[in-house]
Amino acid sequence: MKKEYITLFAWIFTFCSFSAANAQTTNVTQADSTRNSNNATKAIIDGGIKTERSWRNTGAVFTLPGEDLTHMTVGNLLNTLQGRIPGLTVVTGSGEPGYDNPTLYVRGQSSWNIAGNQVLIYLDGSQVDMGAISGLSAYEIESVTLLKDASALAVYGLQGGAGVLSIKTKRGAVIPKTQITVNGRYGILSAIDLPTVMDAYGYTTGYNQALKNDGLPIKYPNPELYKASNDPYHPNVNWYDELLKKTSTIQDYNFSFRGGNATAKYYVLMNYTNFEGLYKNADIIDKDFGTNAKYTKLNLRANVELQLNKNLSVMANISGITEDRNTPSGFAAGDVFNALMYLPASAFPVKNPNGSWGNNSVYNFNPVQLLQQNGVYSSHTRTLQTTFSFTQKLDAITKGLDLRGLVAFSNQYVGVYQKLFSVPSYEIVKDANDQPVISGGKVVYKTIGTISQSSNDNGGPFWNRTTVQVGFDYDRSFGKHTFTGMIMARRQGYSHNGLTYQVRTQGLSGDLTYDYDQKYIVDFSAAYNGSADFAPGNRYGFFPAVGLGWIVSKEDFLKDNSAINFLKLRASYGSTGNINENYRFLYQQFAVGSPGWITGTANTYHGGLAEGPFTNADAAWEKKTTLNIGVDWVLWKKFSGTIDVFTEKRTGILEIPSAGVPDYTGFNLQYANTGEVHNKGIEASLKFDEKHRNFEYYVGGSVAFARNKITKRSEAPQPYNYLYTQGYPLDQMRGLVFKGFYQQSDFDANGNLKQGVPASSYTNVKPGDLKFADQDGNGIINDYDKVPLNYTKLPEITIGFNLGFKFKGFDFDAYLQGVMHRTVSLLDDAPYYIRPFVNNNNITAFSANSWTPENATTATSPRLSTLSNANNTQASDFWMRNGNFLKLRSVELGYTLPQKGFLKKLDAVRVFVNGTNLFTWDKIDDLEAERLSMGYPLMKTVSFGMKVKL
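Residues numbered from 1 in each chain as written. Predicted model: local features only at pLDDT ≥ 70, side-chain atom pairs only at ≥ 80, totals over all residues. Heavy atoms only, no water.

A closer look at the overall build of the protein
Point 1. Looking only at helices and strands, one finds nine helices and 46 strands in the protein.
Point 2. Relative to the globule expectation of 30 Å for 950 residues, the C-alpha radius of gyration of the protein, 32 Å, shows essentially globular dimensions.
Point 3. Out of the 950 residues belonging to the protein, those deemed buried represent 54%.
Point 4. Taking all contacts inside the protein whose residues are at least 6 apart in sequence as the whole, residues at least 24 apart take part in 71%.
Point 5. With the model as given, the accessible surface of the protein reaches about 41,400 Å², and the carbon-plus-sulfur share is 56%. (Helix = DSSP H or I, 4+ residues; strand = E, 2+ residues; numbered from the N terminus. Rg over C-alpha atoms; globule rule 2.2 N^0.38 Å. Buried < 20%, exposed > 50% of the residue type's maximum accessible area, 1.4 Å probe, protein only. Contact = heavy atoms within 4.5 Å. Areas by Shrake-Rupley, 256 points an atom, 1.4 Å probe, with all protein chains shown as cover.)

Topic: the nonpolar core
Point 1. Trp239, Leu243, Leu244 and Tyr279 are the most contacted members of the largest nonpolar core, which has 69 residues in total.
Point 2. Elements with a minimum of two residues in this core: β10 (179–191), α4 (200–213), α5 (239–243), α6 (333–342), α7 (367–373), β36 (770–772), α8 (826–829) and α9 (831–834). (Core = buried A, V, L, I, M, F, W, Y, C linked by side-chain atoms within 4.5 Å.)

So, the pairing of strand β3 (residues 61–65)
Point 1. Across the five residues that make up β3, a large majority, four, are buried.
Point 2. The pairing of β3 with strand β8 (residues 141–147) spans five bridges and is classified as antiparallel. From the neighbouring strand, Val61 faces β8, where its bridge partner is Leu147. (Pairing = 2+ DSSP bridges.)

What to know about α6
Point 1. For α6, every residue scored as buried is listed here: Ala333, Val336, Phe337, Ala339, Leu340 and Met341.
Point 2. On its buried face, α6 is in contact with α5, α7 and α9.

Observations concerning the packing of aromatic side chains
Point 1. Counting across every chain of the model gives 41 aromatic pairs.
Point 2. Note on Phe919 and Trp921: the rings are 6.1 Å apart at their centroids and 35° apart in plane angle, and the pair reads as tilted.
Point 3. Each residue in the set Phe688, Phe695, Tyr697, Phe805, Phe807 and Phe812 is aromatic and connected to the rest through ring pairs, giving one cluster.
Point 4. We note Lys219 situated over the ring of Tyr207; from NZ or CZ to the ring centre the distance is 5.6 Å.
Point 5. The lysine or arginine in question, Arg713, covers the ring of Trp112, its NZ or CZ lying 4.0 Å from the ring centre. (Phe/Tyr/Trp six-rings, centres within 6.5 Å; stacked < 30°, edge-to-face > 60°. Lys NZ or Arg CZ within 6 Å of the ring centre and 35° of its normal.)

Quick notes on α4
Point 1. With 14 residues, α4 extends 20 Å from end C-alpha to end C-alpha; this agrees with the ideal 20 Å at 1.5 Å per step.
Point 2. Taken as a whole, α4 has its buried residues at Ala200, Gly202, Tyr203, Thr204, Gly206, Tyr207, Asn208, Ala210 and Leu211.
Point 3. Count one or two residues on from α4 and you reach Gly215, which has phi positive near 75°. (Expected span 1.5 Å × (residues − 1).)

Describing the environment of Asp774
Point 1. With respect to the helices and strands, the residue Asp774 is situated in the loop between β36 and β37 (780–781).
Point 2. Distance from Asp774 to Pro436, taken between C-alpha atoms, is 51 Å for residues 338 residues apart in sequence.
Point 3. A polar atom in the side chain of Asp774 sits 2.6 Å from the backbone nitrogen of Gly779. (Polar contact = N/O pair within 3.5 Å; in protein donor to acceptor, adjacent residues only side chain to side chain.)

Observations regarding the sheet that holds β3
Point 1. Read across the sheet, five strands follow the order β3-β8-β9-β6-β7 without closing on themselves; strand pairing throughout is mixed. Across the chains shown, the open sheet's two edge strands, defined by having one partner strand only, are β3 and β7 (126–128). Strand-to-strand twist in this sheet, taken as the mean axis angle between neighbours without regard to direction, amounts to 25°.
Point 2. Looking at chain direction, β8 and strand β9 (residues 164–169) are connected through six bridges and run antiparallel. Among the inter-strand pairings, Thr145 is bridged to a residue of β9, identified as Ser166. (Axes fitted to C-alpha atoms, helices over the stretch in contact; angles between N-to-C directions.)

Some remarks on the side chain of Asn183
Point 1. For Asn183, the position within the fold is in strand β10.
Point 2. The contacts of Asn183, once residues within four sequence positions are left out, are Tyr139, Asp252, Tyr253, Asn254, Met946 and Lys947.

Describing the confidence of the model for the protein
Point 1. Averaged over all residues, the pLDDT of the protein is 92; the fraction at 70 or higher stands at 96%.
Point 2. The model gives residues 1–40 a pLDDT under 50, and that stretch makes 82 contacts with residues more than four places away or in other chains. (pLDDT = per-residue confidence, 0-100.)

What about the pairing of strand β46 (residues 939–949)?
Point 1. Both β10 and β46 contribute to a ladder of eleven bridges, which runs antiparallel. Its bridge partner being in β46, Ile188 is matched across the sheet by Val942.
Point 2. Note that strand β44 (residues 908–916) and β46 share nine bridges and pair antiparallel. When the bridges of β46 are listed, Gly915 appears paired with Val942.

Details of the environment of Ala526
Point 1. Here Ala526 lies in strand β24 (residues 520–531).
Point 2. Note on Ala526: relative accessible area 16%, which makes it buried.
Point 3. As a C-alpha pair, Ala526 and Arg881 span 355 residues in sequence and 44 Å in three-dimensional space.
Point 4. Dropping the residues within four chain positions of it, Ala526 is found in contact with Ala154, Val155, Leu508, Ser509, Gly510, Phe542, Phe543 and Pro544.

Description of the pattern of salt bridges
Point 1. All chains considered together, the criterion is met by 40 salt bridges.
Point 2. Two residues, Asp475 and Arg53, come together in a salt bridge whose shortest N-O distance is 2.8 Å. In this pair, Asp475 sits in strand β21 (residues 452–478) while Arg53 sits in strand β2 (residues 51–53), placing the two residues 422 residues apart along the sequence.
Point 3. Judged by relative accessible area, Asp475 falls into the partly exposed class, the value being 36%. (Salt bridge = Lys/Arg side-chain N within 4 Å of Asp/Glu carboxyl O.)

Description of a nonpolar patch on the surface
Point 1. A surface patch of nonpolar side chains, amounting to about 760 Å² of accessible area, comprises Tyr186, Ile188, Tyr253, Tyr272, Phe810, Leu893, Val913, Val942 and Phe944.
Point 2. The set of elements that each furnish at least two residues to the nonpolar patch consists of β10 and β46.
Point 3. On the secondary structure map, Tyr186 appears in strand β10.
Point 4. Tyr186 sits in the partly exposed class, given a relative accessible area of 36%. (Patch = residues over 30% accessible without salt bridge, like charges linked within 9 Å, V, L, I, M, F, W, Y side chains within 5 Å.)

With respect to the environment of Gly215
Point 1. Of note, Gly215 is situated in the loop between α4 and α5.
Point 2. Each C-alpha atom of the pair Gly215 and Gln109 lies 49 Å from the other, and the pair is 106 residues apart in sequence.

Comments concerning unusual backbone geometry
Point 1. Even without being glycine, Asn117 reaches a positive phi, approximately 65°.
Point 2. Along the chain, the position of Asn117 falls in the loop between β5 (103–106) and β6 (120–123).
Point 3. On the basis of relative accessibility, which here comes to 33%, the residue Asn117 falls in the partly exposed class.
Point 4. Positive phi is not limited to glycine here, since Trp636 has a value of about 55°.
Point 5. Following the sequence through the fold, Trp636 ends up in the loop between β29 (622–635) and β30 (639–655).

A word on the side chain of Ser847
Point 1. When you line up the elements, Ser847 lands in the loop between α9 and β42 (880–882).
Point 2. In this structure Ser847 comes out as buried when scored by relative accessible area, which is 5%.
Point 3. Beyond its immediate chain neighbours, meaning those up to four positions away, Ser847 contacts Met198, Pro836, Ser861 and Leu864.

What follows is the structure, encoded as structure tokens:
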């Protein structure tokens, strides 16, 4: 497929070059500023399927210049958005090259069915999947716009309820000569944080202590032997050091061509990215047997605009992305990093004294062996995004009327190839004294595994989207009265692997905006659209919204005010919806699998079928109604900002009624639109720009707060109100309240709990176990004692702070992002880290001060034990941590070389050094709060680069 892309773009590039040859004169291009100014009063807002002048906008939107995205060195474009757009929460994914997709939320959460990544993503006016965006280059992005309220989203109808992220790529421009830009950067990455595990001596002494606590004989008679670093019979292996390098690399290079004349404009970009992983000596044996984690990406883009005559223009945007990912075969990154944590330093050597691979039957996982000799897993992703549109002016009918049309097709396919090998590894057999067994003068080994090899080559995930739309735009003024509007018919189809029936939506979208004297604005927008997921007669819905704007600065009492350059008050109210492909065709009843029967002398089994849940002919989409009030301003031509306050009510959330259905009836209840959630919050963005002669600086910040509450949910009856989810935020943390450790004084001479001390219903507790508050006062700790605690894992507050300057060729930019009102659970997200010795787990720094009779009053973790303990693994605030953090997301220092000597022939040459995620401040010991250092670690990067404009 790569050849097809190359042929396609070669044709497009040839066409663009021909157009450029007819458009060039002399070179008067100036060097780019390192930061674009965002004039809030003159900008055109990209609304995905519509555009609007910024001063006439009545909705809650935020536009981020594409230049801001280039300050971070990451492999995934979406990760450059972290904290930069108020109202958009970007939850970081893995740090693994090529598998680092984040999760996106707009204004928090307002449905238990509409979770992360439900935001609609539009690229140049048509919807695409996240996979089509993550692979784009930051250098091809013109702007990113987030649409948040009903005034901006109503035209999306039953698909707009989770917000829209509209991305616009760069286009051609009428300039005297072709503008050629070359960018390159080379980055060095290192892990932000890795968990601390104990060495072999710490493990063996701790394990002996755990056995004593359990009343069992010790396993290691002489832990001192494990202090040595070169004894293969008593190994002390740092598995992190054996498997991981200290640093890895990322490289990114691109060049682009931009230009045009009144007839043809074009923008072409080619980008190459290579992202290496942390694995050490992965292909030391042979590249076919092992591999480092690798991600290689090639972007090709061509955007062409043609003015065919004075009334007809056409535009074609074509983008192709090839992504190749290599990982070690036979295990995922999460598996290997879990192994690094739970594999004790004393388990076995990397290699035995005879040169064979070390292992033992308890763990049966030598990560170095599997990395170097287990094979290669390769995935090859090919993404194509095409958009063709036209605009035909109809001034002959009436001035200001245009006919517009668009056809878009995007698809992605993933092919997979795997080579899988295995070779034996060997366990050193030991006696009761923890010494190797010697037979015939040789160490006795136990063989684990066999020699084998296999390969497979097959297809992986795929998706495709098609969009067809046609409609009219209108823009005309009559004296002080201006009318703009659009009406559009749209039909979309979406299919992906695992989907039997294509998701189809269609309908009409419209918008009408009126302003009087550029002071008073009224905007009406609506969509009437539907989905084939619902029953005939209930497939279509109407989603209206109204927006009001008052430009106060145009009034006579402020018109000549030197301080207030622009001041606008706005408000909007309306509704949008959400469909969910996990809840389709609820108006139909299906047969489902059920226990079968056996017949004949051969006892032949026959699978059974039974009626599925009853139909719900009235099943519909979720509906969200939003009220938004905002203000935008520019003061002293330096200080700009915007504030939005909103409240949302989401109704019709699908849920199964909690009423139980007796088994003898033979039926189950169907999902119904009965749930309800309220969400409210505030967002603000501020920016100050100042220039004194050669010194220009800027300071900016943003904050976003969103809090939801479940107001209606079908739940089984509970004895106490705090056991219901209704009345609390979605995914509210819940658990037992920690009241210290059980002490020896809590037990009598026979080891039984004294009267008045709450007992655990989960197990028979001992001194050193967790003690919890008895909320209902019945003397027993059980699930009825679990109460709402702290916050959710998704933060309620996101803040951002940006500053920078330019002075005599130097430029500087720094961006910090933080989150607040966030709670994380070690029990949920880091179970291997906190459960020493159970199921042969390792021991980490978390258990360094575990409970013993000697430190009973100062212990910070439960007693050590090799046995499972259900009491100590219940959800509770003991395991919860403050998940707030502050990160220096990006910092960059650049210098534009003076145009002297041979540099006079170039428009600009800029060199820079850049840092990404360099510093983190949080309140969790030994782990970083963003992902609790689990799985492939998050990375910090120092990169060096250059930009040349010809």
